Amino acid sequence: MKKLVKVVAAIIENEHQEILCALRSPEMSIPNKWEFPGGKVEANEDIYSALKREIDEELDCKIETFNEVFNDITHEYDTFIINLISIKCRVVEGTPTPTEHSKLIWLKRENLDSLKWAPADVPAVEQLIQEK
(Lines give C-alpha, C1' and ligand atoms only; values in the text may rest on other atoms or scores of the structure.)
Protein backbone atom coordinates (compact mmCIF):
# COMPACT_ATOMS: atom_id res chain seq x y z
CA MET A 1 0.00 0.00 0.00
CA LYS A 2 1.39 3.38 -1.02
CA LYS A 3 1.84 6.06 1.58
CA LEU A 4 -0.56 9.05 1.38
CA VAL A 5 1.25 12.33 1.89
CA LYS A 6 -0.71 15.51 2.64
CA VAL A 7 1.05 18.52 1.13
CA VAL A 8 0.22 22.23 0.98
CA ALA A 9 1.36 24.45 -1.88
CA ALA A 10 1.52 28.24 -1.97
CA ILE A 11 0.23 30.07 -5.00
CA ILE A 12 2.04 33.32 -4.32
CA GLU A 13 1.01 36.25 -6.48
CA ASN A 14 2.84 39.58 -6.57
CA GLU A 15 1.59 43.10 -7.29
CA HIS A 16 2.27 42.56 -11.03
CA GLN A 17 -0.18 39.60 -11.12
CA GLU A 18 2.72 37.18 -11.51
CA ILE A 19 2.83 33.76 -9.85
CA LEU A 20 5.91 32.39 -8.07
CA CYS A 21 7.16 29.14 -9.63
CA ALA A 22 9.82 26.96 -8.00
CA LEU A 23 12.12 24.50 -9.78
CA ARG A 24 12.71 21.28 -7.82
CA SER A 25 16.41 20.56 -7.37
CA PRO A 26 18.04 17.42 -8.82
CA GLU A 27 18.25 15.99 -5.26
CA MET A 28 14.49 16.23 -4.62
CA SER A 29 11.93 13.60 -5.58
CA ILE A 30 10.36 14.47 -8.95
CA PRO A 31 13.60 16.35 -9.81
CA ASN A 32 13.88 19.28 -12.21
CA LYS A 33 10.12 19.83 -12.42
CA TRP A 34 8.36 23.07 -11.54
CA GLU A 35 6.00 23.32 -8.60
CA PHE A 36 4.30 25.74 -6.28
CA PRO A 37 6.45 25.87 -3.13
CA GLY A 38 5.23 24.28 0.08
CA GLY A 39 5.54 20.99 1.87
CA LYS A 40 4.14 18.30 4.12
CA VAL A 41 1.47 19.00 6.70
CA GLU A 42 2.65 17.69 10.09
CA ALA A 43 0.36 15.79 12.46
CA ASN A 44 -1.89 18.13 14.45
CA GLU A 45 -1.12 21.06 12.12
CA ASP A 46 -3.72 22.93 10.10
CA ILE A 47 -3.03 23.55 6.41
CA TYR A 48 -2.58 27.32 6.79
CA SER A 49 -0.04 27.01 9.65
CA ALA A 50 1.78 24.29 7.71
CA LEU A 51 2.01 26.47 4.62
CA LYS A 52 3.33 29.49 6.54
CA ARG A 53 5.93 27.29 8.27
CA GLU A 54 7.04 25.62 5.02
CA ILE A 55 7.39 28.91 3.13
CA ASP A 56 9.34 30.40 6.01
CA GLU A 57 11.69 27.35 5.90
CA GLU A 58 11.91 26.98 2.10
CA LEU A 59 11.83 30.58 0.88
CA ASP A 60 12.93 32.54 3.95
CA CYS A 61 9.96 34.91 3.82
CA LYS A 62 6.58 35.39 5.52
CA ILE A 63 3.26 34.97 3.75
CA GLU A 64 -0.36 35.74 4.40
CA THR A 65 -2.81 33.09 3.21
CA PHE A 66 -6.28 33.59 1.81
CA ASN A 67 -8.71 31.52 3.86
CA GLU A 68 -9.91 29.27 1.11
CA VAL A 69 -8.51 26.31 -0.72
CA PHE A 70 -7.79 27.13 -4.38
CA ASN A 71 -7.26 23.55 -5.55
CA ASP A 72 -7.36 20.18 -3.79
CA ILE A 73 -6.23 17.12 -5.73
CA THR A 74 -5.04 13.62 -4.99
CA HIS A 75 -2.43 12.32 -7.44
CA GLU A 76 -0.83 8.88 -7.54
CA TYR A 77 2.88 8.72 -8.27
CA ASP A 78 4.88 5.47 -8.67
CA THR A 79 5.92 5.26 -5.03
CA PHE A 80 3.41 7.38 -3.10
CA ILE A 81 0.07 9.20 -3.27
CA ILE A 82 -0.06 12.96 -2.74
CA ASN A 83 -3.01 15.00 -1.53
CA LEU A 84 -1.95 18.44 -2.78
CA ILE A 85 -3.84 21.40 -1.39
CA SER A 86 -3.06 24.72 -3.12
CA ILE A 87 -3.77 27.98 -1.32
CA LYS A 88 -3.39 31.50 -2.67
CA CYS A 89 -1.06 33.76 -0.69
CA ARG A 90 0.97 36.90 -0.83
CA VAL A 91 4.35 37.81 0.62
CA VAL A 92 4.07 40.14 3.62
CA GLU A 93 7.70 40.16 4.76
CA GLY A 94 11.00 39.45 3.04
CA THR A 95 11.76 38.31 -0.51
CA PRO A 96 11.38 34.67 -1.58
CA THR A 97 14.86 33.11 -1.70
CA PRO A 98 15.43 29.51 -2.82
CA THR A 99 16.98 27.41 -0.04
CA GLU A 100 15.89 23.98 -1.36
CA HIS A 101 14.85 24.72 -4.95
CA SER A 102 17.22 25.22 -7.89
CA LYS A 103 15.47 28.35 -9.08
CA LEU A 104 12.49 30.67 -8.50
CA ILE A 105 10.79 32.71 -11.21
CA TRP A 106 7.72 34.95 -11.42
CA LEU A 107 5.43 34.28 -14.39
CA LYS A 108 2.20 35.70 -15.73
CA ARG A 109 -0.71 33.23 -15.67
CA GLU A 110 -0.79 32.90 -19.46
CA ASN A 111 2.88 31.79 -19.48
CA LEU A 112 2.61 29.13 -16.75
CA ASP A 113 2.13 26.34 -19.26
CA SER A 114 5.59 27.05 -20.74
CA LEU A 115 7.16 25.15 -17.80
CA LYS A 116 7.43 21.39 -17.16
CA TRP A 117 5.33 21.02 -14.01
CA ALA A 118 5.27 18.18 -11.49
CA PRO A 119 2.14 16.18 -12.41
CA ALA A 120 0.31 16.91 -9.14
CA ASP A 121 0.68 20.68 -9.71
CA VAL A 122 -0.82 20.63 -13.23
CA PRO A 123 -4.51 20.95 -12.21
CA ALA A 124 -3.79 24.13 -10.19
CA VAL A 125 -1.74 25.52 -13.10
CA GLU A 126 -4.63 24.89 -15.50
CA GLN A 127 -7.10 26.47 -13.06
CA LEU A 128 -4.88 29.58 -12.74
CA ILE A 129 -4.57 29.95 -16.52
CA GLN A 130 -8.35 29.80 -16.93
CA GLU A 131 -8.95 32.28 -14.12
CA LYS A 132 -7.93 35.40 -16.08
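Keep in mind the model is a prediction, meaning the values are calculated, not measured.

Conventions used here
Residues numbered from 1 in each chain as written. Predicted model: local features only at pLDDT ≥ 70, side-chain atom pairs only at ≥ 80, totals over all residues. Heavy atoms only, no water. UniProt positions renumbered as here; feature names shortened; annotations may be inferred. Helix = DSSP H or I, 4+ residues; strand = E, 2+ residues; numbered from the N terminus. Buried < 20%, exposed > 50% of the residue type's maximum accessible area, 1.4 Å probe, protein only. Salt bridge = Lys/Arg side-chain N within 4 Å of Asp/Glu carboxyl O.

**A closer look at the UniProt feature "domain: Nudix hydrolase" (unreviewed entry) in the chain**
The UniProt feature table records "domain: Nudix hydrolase" (unreviewed entry) at residues 3-129. Between the first and last C-alpha atoms of residues 3-129 the distance is 31 Å; the span itself is 17% helix and 44% strand.

**Structural notes on unusual backbone geometry**
For asparagine 32, which is not glycine, the phi dihedral falls at a positive 60°. Among the secondary structure elements, asparagine 32 is positioned in the loop between β2 (18-23) and β3 (34-35). Despite not being glycine, aspartate 60 has its phi angle at roughly 55°, a positive value. Tracing the sequence through the fold places aspartate 60 in the loop between α1 (47-59) and β5 (62-76). Classification of aspartate 60 by relative accessible area gives exposed; the value is 52%.

**Quick notes on the pattern of salt bridges**
Counted according to the given criterion, the structure contains eleven salt bridges. Lysine 2 is the salt-bridge partner of glutamate 76, the closest N and O atoms lying 2.8 Å from each other. Taken together, the residues glutamate 76 in strand β5 and lysine 2 in the segment before β1 (3-12) connect sequence positions 74 residues apart. Under the relative-accessibility criterion, glutamate 76 is labelled exposed at 51%.

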